[in-house]
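The residues making up each chain are set out below.
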Amino acid sequence: MSQPTQPLTTNPAAHYLDLGITLAIHNWPALNLAVQSNWGGPTSSDKRDWLCGAISEMLTDRPETDAEDLEDVLIQVMNDEFDVVVDDESAGNVADQIMEMKGQTTRGEFGEIQAMWEAWQNKKGKADAGIAAFRRGEDQEDEGEDSSDEEDGDGDMDMDDAPPALVRAPRERVEPEVDEDGFTTVVSKKKR
């Protein structure tokens, strides 16, 4: 069995927060349905992985981020990248879960995230390629194509389990507003 390339002792809080974010995003039924259905195109799985990293970066670079900010980002990404309008409050639940994990890792409490990881492994029988790569800290390009096929083939959820409040948005795409620092402005439809 291979060992992590970097020991956890360098920054276990950041490691566990990243793992928690990845698990929360991979357990979000709305996003799983969008990825499984390729609503984000052939790179839907990559977009989900990108979202995990973007959330981690946002929480690191902007520590004042709260659950509402995070919910707005999740809703915008679902709309912009997957053409899905999420109006079942699941984005808020995922944002709350991530912010709770951020608080736990700040306090040095990693047990709940570790339990989520173990439940994920038991549920899948083996870790998703994206999470396994994160967990081991290794580059898995040699497995990349096969594992993404397995991920889409296994399906994260059955179509019968899809939340009823998911509605495909029209194909019209509004370009995001990017400021001079390269940040994308997020505007909540609920707040405006």
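Residues numbered from 1 in each chain as written. Predicted model: local features only at pLDDT ≥ 70, side-chain atom pairs only at ≥ 80, totals over all residues. Heavy atoms only, no water.

Just so we agree on the cut-off: UniProt positions are given in the numbering used here, feature names are shortened, and annotations may be inferred rather than shown by experiment.
Looking at an unreviewed UniProt entry, one finds the protein chain named Pre-rRNA processing protein, with Aspergillus sclerotioniger CBS 115572 as its source organism. What the UniProt record of the protein chain gives under Sequence similarities (unreviewed entry) is the line "Belongs to the TSR2 family."

1. What about the overall build of the protein chain?
How we decide: Strands here mean DSSP runs of E at least two residues long; helices mean DSSP runs of H or I at least four residues long; both are numbered from the N terminus. When a residue's accessible area, from a 1.4 Å probe over protein chains only, is under 20% of the maximum for its type it is buried; when over 50% it is exposed; and in between it is partly exposed. When checking whether two residues touch, look at their non-hydrogen atoms; a contact exists if any pair is within 4.5 Å. Accessible surface area values rest on a Shrake-Rupley calculation with a 1.4 Å probe, where residue burial reflects the displayed protein chains alone.
From N to C terminus, the protein chain includes eight helices and two strands. In the protein chain, which comprises 192 residues, the share counted as buried stands at 40%. Restricting the contact set of the protein chain to residue pairs at least 6 apart, pairs at least 24 apart contribute 73%. Counting only carbon and sulfur atoms, one obtains 48% of the accessible surface of the protein chain, whose full area is about 11,100 Å².

2. Overview of the nonpolar core
Going by this rule: What is meant by a nonpolar core is a set of buried Ala, Val, Leu, Ile, Met, Phe, Trp, Tyr and Cys residues, joined one to another through side-chain atoms within 4.5 Å.
Counting residues in hydrophobic clusters, the biggest one holds 39 residues, and the most contacted among them are I25, W28, I55, L74, M78, F82 and I98. Looking at this core, the elements that each hand over two or more residues are α1 (12-26), α2 (29-36), α3 (44-61), α4 (67-82), β1 (84-86), α5 (90-106) and α6 (111-124). Leaving out residues up to four positions away in the same chain, L74 has contacts with I25, W28, L51, I55, A91, V94 and A95.

3. Observations concerning the environment of I113
Assignment of secondary structure puts I113 in helix α6. Given the relative accessible area of 0%, I113 is considered buried. Along the sequence, I113 and L17 sit 96 residues apart, while their C-alpha atoms lie 8.0 Å from each other. When near neighbours in sequence (up to four residues on either side) are disregarded, I113 contacts Y16, L19, G20, L23, M101, Q104 and T105.

4. Here's the deal with unusual backbone geometry
The residue N38 is not glycine, and still its phi comes out positive at about 55°. With respect to the secondary-structure elements, N38 resides in the loop between α2 and α3.

5. As for the confidence of the model for the protein chain
In plain terms, the rule: Per residue, pLDDT measures the predictor's confidence, with a range of 0 to 100.
Across the protein chain, the average pLDDT comes to 75, with 65% of residues at or above 70. Considering each helix and strand of the protein chain separately, the mean pLDDT is smallest for helix α8 (residues 144-154), with a value of 42, and largest for α5, with 95. A low-confidence stretch, residues 1-9 (pLDDT under 50), is modelled with ten contacts involving residues beyond four sequence positions or located in other chains. In the predicted structure, residues 126-173 sits below a pLDDT of 50 and forms 80 contacts with residues beyond four places in sequence or in another chain.

6. Some thoughts on a negative patch on the surface
Formally: Patch construction takes residues with relative accessible area above 30% that form no salt bridge. Like charges are linked within 9 Å, and nonpolar side chains (Val, Leu, Ile, Met, Phe, Trp, Tyr) are linked within 5 Å. A pairing counts as a salt bridge when a side-chain nitrogen of Lys or Arg comes within 4 Å of a carboxyl oxygen of Asp or Glu. For the purpose of counting charges, residues Lys and Arg are taken to be positive, whereas Asp and Glu are taken to be negative. His and the chain ends are not included. One atom stands in for each charge, and that atom is NZ of Lys, CZ of Arg, CG of Asp or CD of Glu.
There is a patch of like negative charges on the surface, built from E177, D179, E180 and D181. Judged by its relative accessible area of 80%, E180 falls in the exposed class.

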